[in-house]
Amino acid sequence: MKRILVLGGGIGGVEAAISLAKEFKKKSGYSIELISDKSTLFIYPLSIWIPVGKRTPQDISMPLDEIAKLRGFQFRQEKVERILSKENKVITDKGEHQYDYLVVAMGGDKMRPKGIEHTLSVCGGGEESLKIRDRFYELIKNGGGTIACGFSGNPKDKTGVRGGPVFEVLFNIDFYLREKNVRDKFKLVFFSPSQEAGKRLGGPGLKALQGLFMQRQIEPIFGKKITAFQPNGILFEDGHLLETNLTLFTPGMNGHPVFKNTDLPLTEAGFIPINDFCQADPMDDSCHFEDIDNCYVIGDSTYFAGPEWRAKQGHLAEAMARVVARNIFLKESGQIQTETFSEHLNILCVMDLGKEAAFIFRDDKRAMAPIGAWAHWAKVAWEKYYKLNKRGKLPNAPL
Ligand SMILES: Cc1cc2nc3c(=O)[nH]c(=O)nc-3n(C[C@H](O)[C@H](O)[C@H](O)COP(=O)(O)OP(=O)(O)OC[C@H]3O[C@@H](n4cnc5c(N)ncnc54)[C@H](O)[C@@H]3O)c2cc1C
């Protein structure tokens, strides 16, 4: 029996296990196993609605054992501690696993700037998003205040940034306050140490963003370096203290800390570099990674070359997952792998604004950012599609 191990039960890992199970359905002698530290798949793109009470973490979590049963793979709840690719071995908190092929999809980690404990992030998962909701509701009860939302990147890797959800939470907070007729009791601020925050959305996306800040009276602070977060606000490098009642901040992304306990090639920011087939690949001769070709990496765990505006996104993680499943199947069928992920490279982001949304698309040829209620409903429809699709009740939409 040949063993294909997928590490990480997030957007990329679940799609990889499903696609592998599909590819190998008619080929006997293969076992597809997904190892994840949590029992559920958390659908991050929908978590932007937790802070305004439109969803709970339960609403947007799917049990992995149920998906595994429906889609024909095995699930083990274990925490990965080491990966030894030269020995084809993964070590978890519960034991060791040998493999024939490995797919790493364990996501990334957040940087920790000074005073980060005085902030909350929507990218911190269900519990942290609930804390945002509770603090937000408390402020409304107490009669108002200042809420600042911001994000920063990783200076060592321009793809280590997550800005879209920060804008979505900010605009949803604004919308919620207007619906409750208490917007005038609040000051809303957007901040980023970068002068170019939002630039990767493309010209139309950036213009839409600037227009929305104006329309909704959100004060933007661009290009001001942060010295530290404090319990009462944000201290900037120029000595200015922005007093806040709630600071929401998403720092730049680093590679997953477990990757330091592996023999895989790593970039300076700790991501695993990959080639166009999604195989771990040092990309240059600086790293002595032997010719290991059975180790694939997808989603937020990766570093990949590409245009300046490229970004780590959920739909790309899914595209990479399908590419990997096909390539492993081709190799096991005695053919050469042909599937590449670079043709799926684009920015596709439905940035929700409350009752409408901006549909932001960018690739090498086009950039657009139309806004409308239809885009909000498209995001709501995507939630239904995604859940049914993972259960095998709807076919894959093209990526
Ligand atoms: C708030 C938010 C909103 C977003 N909105 C969008 C959007 O609208 N559109 C879009 O395309 N993208 C969006 N993204 C980005 C998208 O969610 C990510 O790119 C995507 O989740 C990456 O998938 P992944 O499988 O690589 O990582 P993840 O989804 O982070 O999954 C990693 C998995 O690995 C598991 N894991 C971690 N450590 C271990 C360990 N030691 N052992 C075992 N398992 C482990 C985790 O539990 C998790 O299941 C958003 C992200 C956030 C945070």
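What you see as residue numbers is a count from 1 along each chain, following the sequence as written. Reporting in this predicted model follows two pLDDT cut-offs: at least 70 for local features of residues, and 80 or more for side-chain atom pairs to be given and counted; totals over whole chains, interfaces and linings ignore these cut-offs and use all residues. The basis for every side-chain value is the complete set of non-hydrogen atoms in the structure, without hydrogens or water.

- Where an unreviewed UniProt entry is consulted, the protein appears under the name FAD-dependent pyridine nucleotide-disulphide oxidoreductase, with the organism given as Chloroherpeton thalassium.

## What to know about the packing of helix α1 (residues 11-23) against helix α2 (residues 64-71)
In a packed pair of helices, the relevant descriptors are the angle between the two axes and the axis-to-axis distance.
And step 1. Packing of α1 against α2 brings their axes to within 10 Å, and their N-to-C directions diverge by 20°. As judged from the angle between their axes, α1 and α2 are roughly parallel. Remark: the crossing between α1 and α2 carries right-handed chirality. Facing V14, I18, A21 and K22 of α1, the residues of α2 in contact are L64, I67 and R71.
And step 2. Residues are grouped as follows: Ala, Val, Leu, Ile, Met, Phe, Trp, Tyr, Cys and Pro are nonpolar; Asp, Glu, Lys and Arg are charged; all remaining types, including Gly, are polar. Looking at the contact of α1 with α2 residue by residue, the class counts come to 5 nonpolar, no polar and 2 charged. Only the contacting stretch of a helix is used when fitting its axis, a line to C-alpha atoms as for every element, and angles between N-to-C directions run 0 to 180 degrees. Runs of H or I in DSSP of at least four residues are treated as helices and runs of E of at least two as strands, each being numbered from the N terminus. Orientation labels follow simple angle bins: below 35 degrees gives roughly parallel, above 145 gives roughly antiparallel, 65 to 115 gives roughly perpendicular, and whatever is left gives oblique. Working rule for handedness: look at the near helix, and if it is turned counterclockwise from the far one by less than a right angle, call the crossing left-handed; if clockwise, right-handed. What makes two residues a contact is simply this: any of their non-hydrogen atoms within 4.5 Å.

## Topic: the side chain of Q337
And step 1. By the secondary structure assignment, Q337 is in the loop between α6 (314-332) and β22 (347-352).
And step 2. Polar contacts involving the side chain of Q337 include one to the side chain of Q279, which spans 2.8 Å.
And step 3. Polar side-chain contacts of Q337 include one of 2.7 Å to the side chain of Y296.
And step 4. Q337 has contacts with F277, Q279, Y296, N327, L330 and K331, leaving out every residue within four places of it along the chain. Polar contacts, as used here, are pairs of N or O atoms within 3.5 Å; protein pairs need one atom able to donate a hydrogen and one able to accept it. Residues neighboring in sequence count only if both atoms are side-chain atoms.

## Re the pairing of strand β17 (residues 246-250)
Side chains on a regular strand alternate between the two faces of the sheet.
And step 1. Counting buried positions along β17 yields 5 of 5 residues, so the element is predominantly enclosed.
And step 2. Throughout this description, buried means an accessible area under 20% of the type-specific maximum (1.4 Å probe, protein chains only), exposed means over 50%, and partly exposed covers the range between. Burial along β17 is two-sided: the face carrying L246, L248 and T250 and the face carrying T247 and F249 are both buried.
And step 3. We treat two strands as partners when DSSP finds at least two bridges between them. Bridge count for strand β11 (residues 145-151) against β17 is 5 bridges, and the pairing is parallel. Counted as the bridge partner of C149 is L248 from β17.

## A few points about α2
And step 1. If you check which residues of α2 are buried, you get L64, I67, A68 and R71. Within α2, the buried residues cover an arc of 100° as seen down the axis, which keeps them to one side.
And step 2. Buried residues along α2 sit in contact with α1, β2 (30-36), β3 (40-42), β4 (61-63), β5 (74-77) and α7 (373-390).
And step 3. Directly after α2, the chain includes G72, whose backbone phi takes a positive value near 80°. What the arc covers is the set of directions going from the helix axis to the C-beta atoms.

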